[in-house]
Amino acid sequence: MSGVEKVDVIVVGAGIAGLSLALALARVGIEVAVIEAAAEPSPPPGGSELGLWDSRVSALTPASTTWLDELGVWGAMQAQRTGPYTRMSVWDAAGTGEITFSAAALGVPLLGHIVENRVTIRALLDGARQRSDIRLHWGAGIESANFSHGEGVLVRTQDGRLLAAPLVVGADGARSRTRDLAALQTRTWSYNQHAIVTTVRLAAPHQHTCFQVFLDTGPLALLPLSDPMFCSIVWSLDDGCWEGLRDCDDADFIIALNRALGSGCPTVVATAARGVFPLNQCHATDYVREGVALIGDAAHSIHPLAGQGINLGLKDAAVLAEEITAVWQDDMPLGQTAVLRRYQRRRKTDNLLMMSAMEGFKRGFGSQNPAIRVARNAGLNWVDAALPIKNWLAREALA
Ligand SMILES: Cc1cc2nc3c(=O)[nH]c(=O)nc-3n(C[C@H](O)[C@H](O)[C@H](O)COP(=O)(O)OP(=O)(O)OC[C@H]3O[C@@H](n4cnc5c(N)ncnc54)[C@H](O)[C@@H]3O)c2cc1C
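Computed from a predicted model, the values in this text were never measured in an experiment.

Attention now moves to the environment of N351. If you trace the backbone, N351 turns up in helix α10 (residues 337-366). When the 21 C-beta atoms within 10 Å are taken as the criterion, N351 is described as buried. For the pair N351 and I302, spaced 49 residues apart in sequence, the C-alpha to C-alpha distance is 9.5 Å. Filtering out sequence-adjacent residues up to four positions away, N351 remains in contact with H300 and L312.

Structure, rendered in structure tokens:
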């Protein structure tokens, strides 16, 4: 068929999961086309005024930054701006329960980094641009796919481009069109919450500490950025509670924020514009079928309360890259179900475990039941005092 761009792998979606997979595959000479629905992102603006920070940030675990380093992009991210954190303090607003984690107690240099998503995407993009084996197509998402085409999967983009490859990877986020086209089913439910995100300035330095308070209406996190006086806010709120905080003026928002955070945190004195995201849990029943694999939020999206979403997505990309590379080096065809199932087996249990843990947290801390409140406060204090269990929890979060 003329006019068809043939590559080894088509990656749908130039988010963090998709770009990291493209880079990992290109390292061994696999030719990749990345198709992205949005326009090419502009470079992060210089300057450190409050409004110039990306309100979308991720808490990257050491395992994630190690992998980004292997891909050759972590250095560029650090040269931009990354906020290391060494302490985590989590407490229940409706009681006395509290748990703290510190790098010093665990014998590690730090617990992770808070990084603006656009810093990560820019570094991955710059890395991808240096590779002749990655072709990037912007502003035209996947429109249709023929999965029984002679050359693998034939993809048509919204601007009429045709691409063919033995394997298409859906890295197109929680509302994945690739997943729908491949008829891969999901289990989806709404948390009946929205998250308000923004950047805030503090009255005193954050001391590289992540603060998270569980309120009756949902968890609120204050995440330390590379500037010691700036933090990112992720405030998850039940439906019916977030709308007023989205619409109020900055002064009222700051008052509500400081009241919710209580006296254990630095006081917030200024805020940038707010963004709002609906929170849903979604898990694909199968991540793969012949010629197709899903990674990142296309396969699973979870509540942001433990900041694990993209860390799971990066692990998916790393494992899928490993499985594809092994097949490629043995000169075997890519896209076979048996190969893709190995990826699914290696990732699904880990993802399910994290999703169940988040659901448990969300339900336990969302409960107004006095018995559950007492139990969760006692539980937090007990875990805080039980060092082996606490260390195990922390190591799980670092991996
Ligand atoms: C408020 C909030 C806070 C969070 N905090 C954290 C945190 O601290 N730590 C953490 O690990 N995770 C966090 N997460 C989760 C994290 O943001 C996601 O898990 C992560 O962004 C998913 O990355 P992805 O690359 O899989 O998908 P996405 O980031 O959704 O990227 C998908 C890409 O595909 C493109 N696309 C969509 N449709 C098409 C199409 N039809 N064709 C082509 N391209 C398409 C999109 O434009 C996008 O570029 C948070 C999430 C929220 C909502």
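With 110 residues, the main nonpolar core has V9, I10, L21, A22, V32, A293 and I295 as its most contacted residues. Among the elements that take part in this core, helix α1 (residues 16-26) stands out by supplying 9 residues, more than any other. Not counting the four nearest positions on each side in its chain, I10 is found in contact with A33, I35, V155, L163, A165 and V168.

Our focus in this paragraph is helix α2 (residues 62-70). For α2, the set of buried residues is S64, T65, W67 and L68. End-on, the buried residues of α2 take up no more than an arc of 160°, which puts them together on one face. On the buried face of α2, the contacting elements are β4 (57-60), α3 (74-80), β8 (112-116) and α9 (309-329). Where α2 terminates, the next one or two residues include G72, which has phi positive at roughly 85°.

So, about the packing of α1 against helix α5 (residues 117-129). One way to put it is that α1 packs onto α5 with a least axis distance of 10 Å and a crossing angle of 25°. Between α1 and α5, the angle falls in the class roughly parallel. Crossing geometry of α1 relative to α5 is assigned as left-handed. Residues I16, L19, S20, A22 and L23 of α1 lie in contact with α5, whose contacting residues are N117, T120, I121, L124, L125, G127 and A128.

Among the 32 residues in the neighbourhood of the ligand, the closest are listed as G15, G141, G173, G296 and G309. Here the shell around the ligand gets 4 residues from one element, more than from any other, and that element is α9. Its residues assigned to classes, the shell around the ligand comprises 16 nonpolar, 12 polar and 4 charged.

Let's shift gears to the sheet that holds strand β10 (residues 142-149). If you trace the 4 strands from one edge of the open sheet to the other, you get β1-β12-β11-β10, paired in mixed fashion. Of all strands in the sheet, those with a lone pairing partner are β1 (4-6) and β10, marking the two edges. Adjacent strand axes in the sheet meet at a mean angle of 25° when their direction is disregarded. Of the strand pairs in this sheet, β10 and strand β11 (residues 152-157) are connected by 5 bridges, and their pairing is antiparallel. Paired with S144 across the strands is R156, a residue of β11.

The interhelical angle for the contact between α1 and α9, taken along N-to-C directions, is 25°, at an axis separation of 9 Å. When the interaxial angle is binned, α1 and α9 end up roughly parallel. Read as a crossing pair, α1 and α9 show a hand that is right-handed. Counting all contacts with α1, which are made through I16, A17, S20, L21, A24 and L25, the residues of α9 involved are I310, G313, L314, D316, A317, A318, L320, A321 and I324.

Okay, the environment of L312 next. Mapping L312 onto the fold places it in helix α9. With 24 C-beta atoms counted inside 10 Å, the residue L312 sits in the buried group. Expressed as a C-alpha distance, the spacing of L312 and N351, which sit 39 residues apart in the sequence, is 6.8 Å. Those residues within four positions of L312 in sequence are excluded, and the remaining contacts are H300, N351 and M354.

Across the 7 residues that make up strand β15 (residues 209-215), a large majority, 6, are buried. As judged from the 6 bridges shared by strand β6 (residues 87-92) and β15, these two strands associate in the parallel manner. Across the sheet, residue V90 finds its bridge partner in β15, namely Q212. Bridge count for β15 against strand β16 (residues 218-224) is 5 bridges, and the pairing is antiparallel. Note on β16: the bridge partner recorded for V213 is L220. Connecting the antiparallel pair β15 and β16 is a turn made up of 2 residues.

What follows is about the sheet that holds strand β2 (residues 9-12). Read from one edge of the open sheet, 6 strands run β9-β3-β2-β13-β21-β20, paired in mixed fashion. Each edge of the open sheet is held by one strand with a lone partner, namely β9 (134-137) and β20 (288-289). Note: β2 against strand β3 (residues 32-35), 4 bridges, orientation parallel. If you follow V12 over to β3, its bridge partner there is I35. Here α1 sits on the sheet in contact with β2, β3, β9 and β13 (167-170), set at roughly 170° to β3.

Before going further, it helps to examine unusual backbone geometry. Residues other than glycine seldom take positive phi values, yet N192 does so here, at roughly 55°. Assignment of secondary structure puts N192 in strand β14 (residues 186-202). Looking at N192, the number of C-beta atoms within 10 Å reads 13, which means it is partly exposed. Notably, D331 is not glycine yet its phi reads approximately 60°, a positive angle. As for its position among the elements, D331 is in the loop between α9 and α10.

Criteria and cut-off values
- Residues numbered from 1 in each chain as written.
- Predicted model: local features only at pLDDT ≥ 70, side-chain atom pairs only at ≥ 80, totals over all residues.
- Helix = DSSP H or I, 4+ residues; strand = E, 2+ residues; numbered from the N terminus.
- Buried ≥ 20, exposed ≤ 12 C-beta atoms within 10 Å, placed from the backbone.
- Contact = placed C-beta atoms within 7 Å.
- Core = buried A, V, L, I, M, F, W, Y, C linked by C-beta atoms within 7 Å.
- Arc of directions from axis to C-beta.
- Axes fitted to C-alpha atoms, helices over the stretch in contact; angles between N-to-C directions.
- Parallel < 35°, antiparallel > 145°, perpendicular 65-115°, else oblique.
- Left-handed = near helix turned anticlockwise from the far one by under 90°.
- Near = placed C-beta within 6 Å.
- Nonpolar A, V, L, I, M, F, W, Y, C, P; charged D, E, K, R; others polar.
- Pairing = 2+ DSSP bridges.

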